[in-house]
Amino acid sequence: MNRRELFKAAAALSLTQTALPKAAFADTPWPERNITMIVPFPAGGQADLAARPVAHALEGILGKSVIVDNRAGGAGGSIGNAAAARAEPDGYTLLMTLSSLAVLPEADRLFDRPVSYEVSQFAPVARVLADPTLLAVPASAPWKTLQDFVDDAKQRPGQIPYGSSGPYGTLHVAMEMFAANAGIKLLHIPFRGAGPALNALLSGTVQALASAPGTLKQQVDDGKMRVLANWGAQRIASFPDLPTFRELGYQDVEFYIWAGLFAPSALPARIMTRLREAMALAVKSPDVTKPLETAGSPVAYMDAPEFSKFVAEDGARLIAAVKKIGRVE
């Protein structure tokens, strides 16, 4: 064997050795160990509401523990989203996140900040929830109607504080969309997630909050909060008497807060198929349907192909809204 043939043989051996682990990985049963489901917010918000019953149902279907990991680092969910984007695409790190997924990279660009992740780094697996956002105020607040709130805000520009899950998160964008259309200026107080923002509303630290029905219903039923308007195109069953912003004359104010499961985009097809099959079963389980219906946020399931299209269309609409809102703190 001459030198050229020797080098060819060595190169071929090296390639074979490199390919073996990948081939072995492709044939490895999944899952073989526990799975982490990152939620980029503290407990108490819409993503957490979706994650916990889904994780419990998946454990029974997949036969391995699914551990909910609340990455409550603030930044509207950007920190947790970015952590999931950097994860190995092996099916052992998943992400349950909100509609702000598409907004946050655009907000980074708006402020000339480094972009922490791109939506293209994720593969949509399944949508779990999709609810219109509701405007809540403390039960002790003087505003009985949305018009009362708007009139007061016009008298005191920048003085009524409202909470959010972080800059350009779902709750922030919804409120700024409303404020822009109403011609009012409010005082934005960002928190690490919807749960802390909800607690701030209960304690009186803030006076308004845009949030999902599932995180508000118990507080409203207990007489601790009042809801003034619904960001959806239609009224909802859990708050049938609550008017929409459109009904009240704000035709361009429409916002939905959805929660969905994602995986890194390079996830092998066989694992994605298994995940989709497991999610299709999970969302039918009473362990998932009952707590979500009780919370007033019934399952709004979409499988991966339909969910992917939905994410692209909703993301484009929200990015356009953020560009219209512009740079706000």
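This one's a predicted model, so the numbers in the text were calculated from it and none came from an experiment.

### Quick look at helix α8 (residues 213-221)
No. 1: The buried fraction of α8 amounts to seven of the nine residues, a majority that puts the element mostly inside the structure.
No. 2: The set of residues buried in α8 consists of Pro213, Gly214, Thr215, Leu216, Lys217, Gln219 and Val220.
No. 3: Of the residues one or two after α8, Gly223 is the one with positive phi, at around 80 degrees.

### Some remarks on the sheet that holds strand β7 (residues 187-190)
No. 1: Strand order in the open sheet made by the five strands is β7-β6-β8-β5-β9, with mixed pairing throughout. The open sheet terminates on both sides in strands that have one partner only, identified here as β7 and β9 (225-230). Looking at each pair of strands side by side, their axes are set apart by 30 degrees on average, direction ignored.
No. 2: Each of β5 (134-138), β8 (208-211) and β9 touches helix α5 (residues 146-155); the most contacted strand, β9, lies at about 90 degrees to it.
No. 3: Contacts from helix α6 (residues 170-182) reach β5, β6 (161-164), β7 and β8, with the element oriented near 115 degrees to β8.

### Focus: the pairing of strand β3 (residues 93-98)
No. 1: Taking burial as the measure, the six residues of β3 include six buried ones, the bulk of the element.
No. 2: Going residue by residue along β3, you find Thr93, Leu95 and Thr97 tucked away on one face and Leu94, Met96 and Leu98 tucked away on the opposite face as well.
No. 3: Direction of pairing for β3 relative to strand β10 (residues 256-264): antiparallel, over a ladder of four bridges. Directly across from Thr97, in β10, lies its bridge partner Gly260.

### So, the environment of Asp303
No. 1: Relative to the helices and strands, Asp303 is located in strand β11 (residues 302-303).
No. 2: Residue classification places Asp303 among the partly exposed positions, given a relative accessible area of 23%.
No. 3: Note: C-alpha distance between Asp303 and Thr205 (98 residues apart in sequence) is 40 Å.
No. 4: Apart from the residues within four sequence positions on either side, Asp303 is in contact with Val125 and Arg276.
No. 5: For Asp303, the side chain forms a polar contact with the side chain of Arg276, separated by 2.7 Å.

### With respect to the packing of helix α2 (residues 46-62) against helix α9 (residues 269-282)
No. 1: Where α2 contacts α9, the axes come no closer than 9 Å and their chain directions differ by 115 degrees. Viewed along their axes, α2 and α9 form a crossing whose handedness is right-handed. The segment α2 lies against α9, with Val54, Ala57, Leu58, Ile61 and Leu62 engaging Arg274, Ala278, Met279, Leu281 and Ala282.
No. 2: Classifying every residue of the contact of α2 with α9 gives nine nonpolar, no polar and one charged.

### Re the packing of aromatic side chains
No. 1: Under the criterion given, the structure shown has 16 aromatic pairs.
No. 2: A ring pair is formed by Phe111 and Tyr168, whose centres lie 5.8 Å apart and whose planes are at 70 degrees; its orientation type is edge-to-face. With Phe111 in the loop between α4 (103-110) and β4 (122-132) and Tyr168 in the loop between β6 and α6, this residue pair connects regions lying 57 residues apart in the sequence. Comparing Phe111 with Tyr168 shows no difference in burial state: the two are buried.
No. 3: What links up through ring pairs into an aromatic cluster is the set Tyr117, Phe122, Trp258, Phe262, Phe307 and Phe310.
No. 4: Residue placement shows Arg33 over the ring face of Tyr92; its charged tip is 3.8 Å from the ring centre.
No. 5: A cation over a ring is seen here: Lys217 above Phe239, with NZ or CZ 5.5 Å from the ring centre.

Cut-off values and rules
- Throughout this description, residue numbers start from 1 for each chain and increase along the sequence as written.
- With the structure being a predicted model, the display of local features is reserved for residues of pLDDT at least 70 and the display and counting of side-chain atom pairs for 80 or more, all residues being used for whole-chain, interface and lining totals.
- Computation of side-chain values: all heavy atoms of the structure, hydrogens and water removed.
- Whether a residue is buried, partly exposed or exposed follows from its accessible area with a 1.4 Å probe, protein chains only, as a fraction of its type maximum: under 20%, in between, or over 50%, in that order.
- Secondary structure elements follow DSSP: runs of H or I of four or more residues count as helices, runs of E of two or more count as strands, with numbering from the N terminus.
- Two strands pair if DSSP finds at least two bridges between them.
- Structural elements are reduced to axes, namely lines fitted to C-alpha atoms, with helices fitted over the stretch in contact, and the angle between N-to-C directions of any two is expressed from 0 to 180 degrees.
- Only heavy atoms enter the contact rule, under which two residues are in contact if any of them lie within 4.5 Å.
- Polar contact is the term for a pair of N or O atoms within 3.5 Å; when the atoms are in protein, one must be able to donate a hydrogen and the other to accept it, and sequence-neighboring residues count only if both atoms are side-chain atoms.
- Take the far helix as the reference: if the near one is turned anticlockwise from it by less than a right angle, the crossing is left-handed, and if turned clockwise, right-handed.
- Charged means Asp, Glu, Lys or Arg here, nonpolar means Ala, Val, Leu, Ile, Met, Phe, Trp, Tyr, Cys or Pro, and polar covers whatever is left, Gly included.
- Stacked, tilted and edge-to-face pairs are distinguished by plane angle, under 30 degrees for stacked and over 60 for edge-to-face with tilted covering the rest, among Phe, Tyr and Trp rings (Trp via its six-membered ring) whose centres lie within 6.5 Å.
- The rule is short: NZ of Lys or CZ of Arg within 6 Å of the ring centre and within 35 degrees of the ring normal puts a charge over the ring.

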